[in-house]
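# Inside the fold
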Amino acid sequence: MPVSRRSLLLGSAASGAAALGLAACDGDSPDPGTGASDAGRGDGADSSRAVLRINGTEPATLLVPSDVNEVGSGRVIGGIFSMLLFHDATGTRVLEGAKAIESDDNQHWTITLEPGRRFSDGTPVTASSYVDAWNFGALSTNAQKNQAFYSAIEGFDAVSATPPTATTMSGLQVVDDETFTVALSWPQSDFPDLMGCVPFMPLPAVAYDDIPAFSERPVGNGPYVLTSWEHERAIELGINEHYEGPRTAANGGVVLRSYTDPETAYNDLLTGELDLLDGIPASALATFQDELGDRAVNQPGALLMSMTIPVASPDFTGEAGRLRRAAVSRAIDRAAICEALYAGTRVPATDFVCPTIAGGGATDIPGAEVLSFDAAVAKDLWAQAEAIAPYSGAPFTLDYTAELPDREWVEAVCAGVRANLGIEAVPQVHATVAEYRALLAERKIPGAFRSSWQADYPSMYNFLGPIFSSAARASGGTNFSDYANPAFDDLLVQGLAAPDADAAIALWKQAQAMLMTDLPAIPLWYQNTLGGSGEGVRDVTFGWNSFPFYFEASKG
């Protein structure tokens, strides 16, 4: 089956909003932005209910659904926008903006909206609000990071071309204010799950007047509304009085504080300066459950940690490069790192998909022994590579960002590479997530780098297509390794069109076998969902994909 750019419907990098957590932060002198008039927003904190203080990071993308592909932005956008449906804590679909999502053949879909829904400025949410937003996201001249998400919709090739030959996708048709249709390029049984992903949120007409300004003060249709933003410090979300849906906030709003040091965030939780934390620093992993008691969270999650080596990285191209990737993988003692650094809160990876996802955590993928530590095999693989193309002698570098709690494991991995392969291995740190992601997007990190994937929706495909498909190499995509394998792409497509989940999983396992050989990324471990809440905080639920459902929590 030939594969074109429109042949893959892809997810974005761990957006954070798939769990419908959101976030906000406090600040003494917030910048309200200039996106739209404040009149009729229906925003503000509910004085009868306490505002929650939550950890976050400065958004690294526009606060526009088609651009959000990282956690800092995702925390915010998941609160100020609603999707057609969301996945509850167990991963079950729950309709939100949609009244029905229907198809007789899994290729031609009719979406009926709940009537009377409005944006936070009071304007109606209509079928055009969705169709226009998806067309905006797909149009190449808009350079949106989630462009590939729309690639299975008929007409995507025309709008994504450079230059585009059309401005709207032929597969999207507005029937009336409450109904639109979607025609895909092939049947896709899990299409409704995609409707619970950030890029498929709607936009009001005011957004297109000035997208950057709108991003500073977006108008959404979710349970919250952005009321203030002091960059690098805090974002405040108040209650959206126009919201009608299943995610009605139990609190009076949320404040997402931007932290550059995970230790500081955890200490703030311990001292009562923070109400909810969705991560635990490495230094506290052995003690946080004793320190927090029943306020601690430690449960299986949907986050895979990995290390990516771009396919064009010097010394890692061709057959010699594949052997060297395998050698590096076998030089890493995952079990020892998980125990010594993470007190068992990480589990060594056996495949590319977390075990909380159907088909994930597989132990029967051909070639998966490459993920097992064996120093002798690592040395032999390296020697085989040397016989093909001698190593340049340049230090092996592993990049990461200081804003995330990765320093300890990066140093441990480098130590393993040095000890077991006899080459110099050096950690390289970047100050912020935004800086780090910009370098990745511009392909300015030539060596290995820290990578991870937190699921957008509960599907095995979501761990494969967005990271390794050829289509995701496009500008704004999340295939940062630049891996391209037509046979792999073909198996992805076959899995999406499979008649049932079991058939899809079988095909995607075949695709994983190819990844085990090529190793564009090296799986390290599955990360448990970790976090904690403050004294007096009630109804804390962490979802299937490791994000807290902020709208359910309250305190007082």
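Above this text sits the structure in question.
Here is a short report on the structure shown in this document. (Residues numbered from 1 in each chain as written. Predicted model: local features only at pLDDT ≥ 70, side-chain atom pairs only at ≥ 80, totals over all residues. Heavy atoms only, no water.)

## Overview of the overall build of the chain
When you go through the chain residue by residue, the secondary structure sums to 15 helices and 19 strands. Relative to the compact-globule value of 24 Å for 556 residues, the chain shows a C-alpha radius of gyration of 23 Å, a close match. Taking the principal axes of its C-alpha atoms as reference, the chain extends roughly 70 × 55 × 40 Å. Taken over 556 residues, the chain has a buried fraction of 59%. Within the chain, residue pairs in contact and separated by at least 24 positions form 73% of the contacts whose partners lie at least 6 positions apart. By element, 52% of the accessible surface of the chain is carried by carbon and sulfur atoms, the whole surface being about 19,100 Å². (Helix = DSSP H or I, 4+ residues; strand = E, 2+ residues; numbered from the N terminus. Rg over C-alpha atoms; globule rule 2.2 N^0.38 Å. Buried < 20%, exposed > 50% of the residue type's maximum accessible area, 1.4 Å probe, protein only. Contact = heavy atoms within 4.5 Å. Areas by Shrake-Rupley, 256 points an atom, 1.4 Å probe, with all protein chains shown as cover.)

## Quick notes on the sheet that holds strand β6 (residues 172-176)
Whether parallel or antiparallel, the strands of a sheet pair through hydrogen bonds between backbone atoms. Taken in spatial order, the four strands line up as β4-β5-β7-β6 in an open sheet, and their pairing is antiparallel. Looking along the sheet, the strands with just one partner apiece sit at the ends: β4 (98-103) and β6. Neighbouring strand axes in the sheet, compared pairwise and without regard to direction, differ in orientation by 20 degrees on average. Sheet contacts for helix α2 (residues 127-138): β5 (108-113), β6 and β7 (179-183); angle to β6, the most-contacted strand, approximately 170 degrees. (Pairing = 2+ DSSP bridges. Axes fitted to C-alpha atoms, helices over the stretch in contact; angles between N-to-C directions.)

## A few points about unusual backbone geometry
For the bond running from T162 to P163, omega is 0 degrees, close enough to zero to count as cis. Residue placement: P163 occurs in the loop between α3 (156-160) and β6. Its identity is not glycine, yet E232 carries a phi of approximately 70 degrees, on the positive side. Topologically, E232 is positioned in the loop between β8 (224-230) and β9 (234-239).

## Observations concerning the packing of helix α8 (residues 318-330) against helix α10 (residues 375-388)
At a minimum axis distance of 8 Å, the contact between α8 and α10 shows a crossing angle of 165 degrees. As judged from the angle between their axes, α8 and α10 are roughly antiparallel. In this structure, α8 crosses over α10, and the sense of that crossing is left-handed. Only A375, V377, A378, L381, W382, Q384, A385, E386 and I388 of α10 make contact with α8, whose side of the interface consists of E319, A320, L323, R324, A326, A327, V328 and R330. Counted by class, the contact of α8 with α10 contains 12 nonpolar, one polar and four charged residues. (Parallel < 35°, antiparallel > 145°, perpendicular 65-115°, else oblique. Left-handed = near helix turned anticlockwise from the far one by under 90°. Nonpolar A, V, L, I, M, F, W, Y, C, P; charged D, E, K, R; others polar.)

## Section: the pairing of strand β1 (residues 52-56)
Burial of β1 is extensive: five of the five residues sit out of reach of the surface. A two-sided burial pattern is seen for β1, the buried positions comprising L52, I54 and G56 on one face and R53 and N55 on the other. Relative to strand β10 (residues 254-258), β1 runs parallel, the two sharing five bridges. The partner of G56 across the bridge, within β10, is S258.

## Describing the packing of α10 against helix α11 (residues 407-421)
Taken N-terminus to C-terminus, the directions of α10 and α11 make an angle of 70 degrees; their axes are 9 Å apart at the nearest point. Here α10 is positioned roughly perpendicular relative to α11, judged by the angle of their axes. Counting all contacts with α10, which are made through A375, A378, K379 and W382, the residues of α11 involved are A419, N420 and L421. Residues of the contact of α10 with α11, tallied by class, amount to five nonpolar, one polar and one charged.

## Some words on the packing of aromatic side chains
This model, assessed by the stated rule, comprises 18 aromatic pairs. Measuring from centroid to centroid gives 6.5 Å for F86 and F551, while their planes differ by 80 degrees, and the two rings are edge-to-face. With a gap of 465 residues between them, F86 in strand β2 (residues 85-87) and F551 in the loop between β18 (537-538) and β19 (554-555) connect regions that are remote in the sequence. Exposure class is identical for F86 and F551. Each is buried. When the centroid spacing of 5.1 Å and the interplanar angle of 65 degrees are considered together, the rings of W382 and Y391 count as edge-to-face. Comparing W382 with Y391 shows no difference in burial state: the two are buried. Put simply, the rings of Y130, W134, F149, Y150, F180 and F200 touch in pairs and so form one group of aromatic residues. Across the ring face of W382, the terminal group of R324 is positioned such that the distance to the ring centre comes to 5.1 Å. Above the ring of Y342, the side-chain terminus of R346 is found at 4.0 Å from the ring centroid. (Phe/Tyr/Trp six-rings, centres within 6.5 Å; stacked < 30°, edge-to-face > 60°. Lys NZ or Arg CZ within 6 Å of the ring centre and 35° of its normal.)

## Focus: the nonpolar core
Grouped together as the largest cluster of nonpolar side chains are 157 residues, with contacts concentrated most on W134 and F396. With eight residues, helix α15 (residues 501-518) is the single largest residue contributor to this core. Leaving out residues up to four positions away in the same chain, W134 has contacts with L84, I111, Y150, I153, M169, L172, F180, V182, M195, P199, F200 and M201. Formed by six residues, the second largest nonpolar core is a distinct cluster that contains Y436, L440, I445 and F449. (Core = buried A, V, L, I, M, F, W, Y, C linked by side-chain atoms within 4.5 Å.)

## Describing the pairing of strand β16 (residues 448-454)
Counted residue by residue, β16 has six buried out of seven residues, so it is predominantly covered. Here strand β14 (residues 396-401) runs beside β16; their pairing, made up of two bridges, is parallel. If you follow D399 over to β16, its bridge partner there is F449.

Take it as geometry only, folks, not as evidence of what the structure does.
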